[in-house]
Amino acid sequence: MSRTDTLSSPGPLHAVEIAARRVSAVAMEISAGRPVVTASAIEPLPTGAVVPGLTFPNIRDVDAVVGAMGRAFDRAGGRPTRVGLVIPDAAARVSIIRFDSVPDRQQDLDELIKWQVRKGSPFRMEDAQFSYVPGAAVGTAGREFIVLLVRRDVVEEYESICSRLGIHPGLVDIASFNVINAALAAGSEAEDWLLVQVTLEDTTLAILRAGNLIFFRNRPAAEGSLEDLVHQTAMYYEDRLGGQRLGRVIVAGGETAGDDVRRALEARLGVRVETIDPRGAAALRDRIAAGPEILDAIAAPVGLLVRDRIGQPAT
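Just so it is clear, the structure is predicted and the values come from calculations on it, not from any experiment.

### Thoughts on the pattern of salt bridges
Right, on to step 1. Counted according to the given criterion, the structure contains 16 salt bridges.
Right, on to step 2. The salt bridge partner of aspartate 63 is arginine 164, with a shortest N-O separation of 3.1 Å. Of this pair, aspartate 63 sits in helix H1 (residues 62-75) while arginine 164 sits in helix H3 (residues 152-164), and the two are 101 residues apart along the sequence.
Right, on to step 3. What makes aspartate 63 exposed here is its relative accessible area of 56%.
Right, on to step 4. With a shortest N-O distance of 3.1 Å, aspartate 74 and arginine 79 are connected by a salt bridge.
Right, on to step 5. Because the salt bridges share partners, they merge into one network encompassing Glu43, Arg71 and Arg75.

This is the structure in structure tokens:
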């Protein structure tokens, strides 16, 4: 998500995503002022090695995940000392909090947001790590804030995989925010648009307006069909968010988000559905294969690496 300052400091040139079924590593450089992916690698994970969730241990087979990450970095040019880390959406809770007026003091704003988030938290705030960024303006003095809440020990599980390989995870963020970053870096800000990120485990739907997140929902796959979730989202967009028509729909999720999913979304929403393509955010070295599944797998790591360049041309 644009300007997301989620859990730590910016600036890595390597990123890795730990998803439920794969580890994806990306190396990047800045060439003539442009981000270029110099290497990438994807390693599968055995079923059950990573089980994303808010309130329970996520890494069930540490050795399998460490091995996959090590192999991915070895194939992607070597192991860096510092890396950006992408974790699953289901490991965190995202809230959009609206204030009609915003406190002048940063400390007061921190406490107000913390108080709001505490009411819906499934765990104690003492056990939580949270961050927030400003969203859309509300009237003349108000603003929405995008808040990310995660249990500290869950973050530490993912970070520990990097640490086992001698890699420092200097920045941690969730997958969908960085798929959004990849799309924003390619210029997807002019119209209201929808991201649909589908995995075997869950579905995330996010709506952006003028580069600001105005809707976010993550649901386990068992909680309803994609068609129902999209229908509910479209109704909410029209009835509660003043939406007229989505200008663009981007779907992510690799082989899970196949042709049937895209056709169903096009029929329901009446707009052409695209698959995520991070090449608008960062060029790929010629030798890097660019099939749809690879582009999908590297989209979130690329989005994390270019997030501070959003608003600048990515050509």
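### A word on H1
Right, on to step 1. When the terminal C-alpha atoms of H1 are compared, their 20 Å separation across 14 residues agrees well with the 20 Å that a helix rising 1.5 Å per residue should span.
Right, on to step 2. Against strand S1 (14-18), strand S2 (22-31), strand S3 (34-44), strand S4 (82-87) and H3 lie the buried residues of H1.
Right, on to step 3. Looking one or two residues beyond H1, the residue adopting positive phi is glycine 77, at roughly 105 degrees.

### With respect to unusual backbone geometry
Right, on to step 1. Positive phi, normally seen in glycine, also occurs at alanine 32, with a value near 55 degrees.
Right, on to step 2. Among the secondary structure elements, alanine 32 is positioned in the loop between S2 and S3.
Right, on to step 3. For alanine 32, a relative accessible area of 79% corresponds to the exposed category.
Right, on to step 4. Phi at alanine 210 is positive, roughly 55 degrees, even though this residue is not glycine.
Right, on to step 5. Secondary-structure assignment places alanine 210 in the loop between strand S10 (202-209) and strand S11 (212-220).
Right, on to step 6. Given the relative accessible area of 53%, alanine 210 is considered exposed.

### Description of the nonpolar core
Proteins that are soluble and globular tend to have nonpolar side chains buried together.
Right, on to step 1. Core analysis: the biggest nonpolar cluster contains 71 residues, and Val16, Val65, Met69, Tyr158 and Val302 have the highest contact counts within it.
Right, on to step 2. No other element matches helix H7 (residues 292-306), which puts 8 residues into this core.
Right, on to step 3. The residues touching valine 65, leaving out its near neighbours within four places in the chain, are Ile18, Val23, Leu45, Ala49, Val50, Ile59 and Ile161.

The rules we used
Residues numbered from 1 in each chain as written. Predicted model: local features only at pLDDT ≥ 70, side-chain atom pairs only at ≥ 80, totals over all residues. Heavy atoms only, no water. Salt bridge = Lys/Arg side-chain N within 4 Å of Asp/Glu carboxyl O. Helix = DSSP H or I, 4+ residues; strand = E, 2+ residues; numbered from the N terminus. Buried < 20%, exposed > 50% of the residue type's maximum accessible area, 1.4 Å probe, protein only. Expected span 1.5 Å × (residues − 1). Contact = heavy atoms within 4.5 Å. Core = buried A, V, L, I, M, F, W, Y, C linked by side-chain atoms within 4.5 Å.

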